[in-house]
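Residues per chain are reported as follows:
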Amino acid sequence: MPQLSHKMRRLSQSLLLASSMVSAIDVTIPVAVPKAAPTVSPNLVSLSIEQDRWIDWAGTSEPNQFFNNALDNLVQISQASPWIRIGADSEDHTLFSYDVEYEEDIFPPSTAITPYPEATNITAGTRFYEIISHLPAGTHVHWGVNLGQYNITATYLETAALVAAFESPAVKDAGITLDFIEVGNEADLYANNGARNSSWNIYEYVDQWTSFATNVSATAKLSDSSYTKLIGCAFAGSSHNNLSGFSPQAAFADGLLDSTPGRLIRTISQHQYSGSFCTGGGAVLQDLMTKSYIRGNITVFLPDINATHAEGLDYILGETNSMSCHGAPDVSNTAGAALWLLDYSLFASQVGISRLHFHEGIGYKYNLIQPATLNYSILDGSPIAPLAPHVQAPYYGAIIAAEAIGSTGTAQVIEIPINETDVSGYAFFEYGKLERAVFINTIAYLPGDTTRNSTHIDLSFTGYGASTTMTIKRLDIGYANDTSGLTWGGQTYETPDALVSGPEVIETVPVSAGVDLQETEAVLIQFL
C-alpha cells in the first residue's frame, strides 16, 4: 500500500503540474571538484540539548531507545553520529549535589508562548553525568558548565563529576568522548538576564572566563596533550548585531587566547536564530524559507568566521534553530522548516562553518526530535492526550543533509550558481569527482494556493566524464505548513520507534531529461 499511495500522489502531482506554471532553468555543474570547495563533515548537522531535562533524552535506568534510534538513522546513513552539545541556558542555572541521584529541577509556569519553559534551577547529581554512556557508540560531546552564577565551587563540582563520568569504563568502552567543555552560555546577555550588572563588558568577561576556565582546566587536567579542550565565546549573536560589544574579535583583542586556558581553545562558537517568538506573533513561514533570508542570516557571521580562522581555530554555530524562544507555531515545526534547515546548513558549510548544533528541548516547537511523551500542546500549552515520542518535520532536513554529504568523510561541497530567487542547489564531490546534487525549491506552497508551480532544471556539465544517467530521490511534501505526512524517497520516519519504514522509491532517468522541482520540494540526484 505505501508504494501504491506514493504512485497515486506522484500522479496527482503530475496532473497538477500540467495545469500549473512551469519555468525552466539551465544549471551547469563541474565534473571535477573546484579547488576552493570545502570538505564537509558527515555530521555537519548536529544537536544542542537543553540541559534541564537531560535525563529525558538519555534515559536513566536504560537508554532512551527512541532518541537513540533517531540518532542511529543518521549514523546508518553517514557512518557518523551527530555531535551532541549539552548545556545552553540551563548550563548557567546548574548546581551540583552528591545528595541528588540524577537531577532536581524548578520550573516556572507554562505559558501559551512558552509551553515548556527552561528550569530556573537545576541541581545535578553524579548519575546525571554518568548516563552519557547511553548515547550511541562513538558520539562526540560538547558540555557546558556554569559561569553565569559566578559560583566557582559549583563549577568545580560539575566539572569533577563530568570528567569522572567520561573516564568510566562504560563511556570509554563505547568510545563516547568529551571533546570540549564550554564555560558559560551567551555571556553577552548576562547584563540583560540579571546574571551581571549593566556595566558588564567584554573585558570583564575575558577576566572572569579566564579565572573559571583555569579552575575547570585544572580540575579536568586539560593540557596541550589532553583529548578534551575548551570551546570559546558561545555568544548569542554575530559581531554585526551584538550591540553589547561582545564578539570573538573583541575577546581576542582583550587576551582571551593568550591566557593559559585560552591556549586550550580549539573552537569558537556563536549562536544564531533566524527570528524570534519570545513575545509571540510575527513569524511567517515563507520568510523563514526565503533563499535570500537564509543567506543573510549566515553571511552576517563572516567577519567573526574570518577572524576565528585567522587564529587557526575552528568555527561552529554551537546553538541554532529557526525562531528563538523555542520556535514559532506552524512555522518551526513544519515541512517548510525541513527545507530551511537543509538550505541553511549546506549554505553554512560554504562560508567556513564546520558544524551546526540545532537546539532541542523537551516540547520545543522547533525540535527535530521529541524524545518524551508530551501532555500539553507545544503550540499553545493546552492539555492534550498523551503524545508519544516522535520525530518532527525538520528531522527530514537532517536526513537529507546526511545522505547528500555521504559517509566517506571526504565529501567536498559547492553551492551551484543558480540565478533564481527561490531555487538553491549544491554539488557533492567524492575523491575529486561529481557524485551527487541537491536542489531545493523554497517557495511555500500553502493551503489555498490555486496552483503548485514547478521549475524544470536542465543539467549541463563542464569538464570530461559526465554521467548520462541519474537517480532522483524526492522529499514529498503536501503543503509547506504540514507538520506530518512527509516521505523521503517514499519512506517515513514518523513511526513509533523512529525507524524508517516503507519501500524506497527512486526514479532513474537520463540526465538529458532534467528534473522537475515543485514549490516546497527538495530532490537528491545521484549521478551514475
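No experiment lies behind these values; they were computed from the predicted model shown.

**Student:** I'd love a proper account of the overall build of the protein chain, names of residues and values included.
**Tutor:** Helix and strand counts for the protein chain come out as 14 helices and 25 strands. Relative to the 2.2 N^0.38 estimate, which gives 24 Å for 528 residues, the radius of gyration of the protein chain is 23 Å and therefore close to what a compact globule would have. Counting only C-alpha atoms and orienting by the principal axes, one finds that the protein chain spans roughly 70 × 55 × 45 Å. When burial is assessed residue by residue, the protein chain has 58% of its 528 residues classed as buried. Considering only contacts within the protein chain whose residues lie at least 6 apart along the sequence, 78% involve residues at least 24 apart. As displayed, the protein chain offers around 19400 Å² of accessible surface, 54% of which is attributable to carbon and sulfur atoms. Charge separation in the protein chain, taken as the distance between the mean sites of 22 positive and 54 negative side-chain charges, equals 7 Å.

**Student:** I'd like a rundown of the packing of aromatic side chains, residues and numbers included.
**Tutor:** In total, this model carries 24 aromatic pairs according to the counting rule given. Ring centres 4.4 Å apart and planes at 10 degrees place the aromatic pair Tyr 116 and Tyr 376 in the stacked group. Here Tyr 376 lies in strand β14 (residues 374-376) and Tyr 116 lies in the loop between β5 (103-106) and β6 (121-124), a separation of 260 residues in the sequence. Given the relative accessible area of 5%, Tyr 116 is considered buried. Here the aromatic residues Trp 54, Phe 96, Tyr 98, Phe 128, Tyr 129 and Trp 143 are joined through ring pairs into a cluster of three or more. Its guanidinium or amino end placed over the ring of Trp 83, Arg 355 lies 3.6 Å from that ring's centre, counting from NZ or CZ.

**Student:** Would you mind going over helix α11 (residues 291-299) in detail, with residue names and values included?
**Tutor:** Within α11, the full set of buried residues consists of Lys 291, Ile 294, Arg 295, Asn 297 and Ile 298. Projected onto a plane normal to the axis of α11, the buried residues spread over an arc of 160 degrees and lie on a single side.

**Student:** I'd like a description of the sheet that holds strand β20 (residues 454-462), backed by residues and values.
**Tutor:** Overall, mixed pairing links the three strands, which are arranged β1-β20-β24 in an open sheet. At either margin of the open sheet sits one strand with a lone partner, and together these are β1 (22-30) and β24 (515-518). In this sheet, adjacent strand axes meet at a mean angle of 35 degrees when their direction is disregarded. Direction of pairing for β20 relative to β24: antiparallel, over a ladder of four bridges. Bridging from a neighbouring strand, Ile 457 pairs with Val 515 of β24.

**Student:** Please set out the pairing of strand β19 (residues 433-441) residue by residue, giving values where relevant.
**Tutor:** The element β19 is largely enclosed, with a buried count of seven among its nine residues. Direction of pairing for strand β18 (residues 423-430) relative to β19: antiparallel, over a ladder of eight bridges. In the sheet register, Tyr 426 faces β19, and the bridge partner there is Val 438. Hairpin connection between β18 and β19: a loop of two residues separates the two successive antiparallel strands, and Tyr 431 in this loop has a positive phi of roughly 50 degrees. Relative to strand β25 (residues 521-527), β19 is paired through six bridges, and the arrangement is antiparallel. The residue of β25 that forms the bridge with Val 438 is Leu 524.

**Student:** Can you tell me about the state of the cysteines, naming the residues and giving the values?
**Tutor:** One pass over the structure, following the stated rule, counts one disulfide. Between Cys 278 and Cys 325 runs a disulfide, and the two sulfur atoms are separated by 1.9 Å. The sign of the 85 degrees torsion about the S-S bond sets the Cys 278-Cys 325 disulfide as right-handed. Here the residue Cys 278 occupies a position in the loop between β10 (265-273) and α10 (285-289), and Cys 325 occupies one in the loop between β11 (314-321) and α13 (335-348), the gap between them amounting to 47 residues. Residue classification places Cys 278 among the partly exposed positions, given a relative accessible area of 37%. A residue is classified by how much of its surface remains accessible, and Cys 325, at 29% relative accessible area, is partly exposed.

**Student:** Tell me about the pattern of salt bridges, residues and numbers included.
**Tutor:** Tallied over the entire structure, the rule returns 14 salt bridges. Residue Glu 403 is joined to Lys 473 by a salt bridge in which the shortest nitrogen-to-oxygen separation is 3.0 Å. Of this pair, Glu 403 sits in helix α14 (residues 395-405) while Lys 473 is found in strand β21 (residues 469-476), placing the two residues 70 residues apart along the sequence. With its nearest N and O atoms 2.7 Å apart, the salt bridge here joins Glu 430 to Arg 436. Just as Glu 430 is buried, Arg 436 falls in that class too. Connected through salt bridges with shared partners, the residues Arg 85, Glu 91, Glu 182 and Glu 319 form a single ionic network.

Definitions and limits used
- Residues numbered from 1 in each chain as written.
- Predicted model: local features only at pLDDT ≥ 70, side-chain atom pairs only at ≥ 80, totals over all residues.
- Heavy atoms only, no water.
- Helix = DSSP H or I, 4+ residues; strand = E, 2+ residues; numbered from the N terminus.
- Rg over C-alpha atoms; globule rule 2.2 N^0.38 Å.
- Buried < 20%, exposed > 50% of the residue type's maximum accessible area, 1.4 Å probe, protein only.
- Contact = heavy atoms within 4.5 Å.
- Areas by Shrake-Rupley, 256 points an atom, 1.4 Å probe, with all protein chains shown as cover.
- Lys, Arg positive; Asp, Glu negative; His and termini not counted.
- Charge placed at Lys NZ, Arg CZ, Asp CG, Glu CD.
- Phe/Tyr/Trp six-rings, centres within 6.5 Å; stacked < 30°, edge-to-face > 60°.
- Lys NZ or Arg CZ within 6 Å of the ring centre and 35° of its normal.
- Arc of directions from axis to C-beta.
- Pairing = 2+ DSSP bridges.
- Axes fitted to C-alpha atoms, helices over the stretch in contact; angles between N-to-C directions.
- Disulfide = S-S within 2.5 Å.
- Salt bridge = Lys/Arg side-chain N within 4 Å of Asp/Glu carboxyl O.

Worth remembering: the numbers are spatial, not functional.
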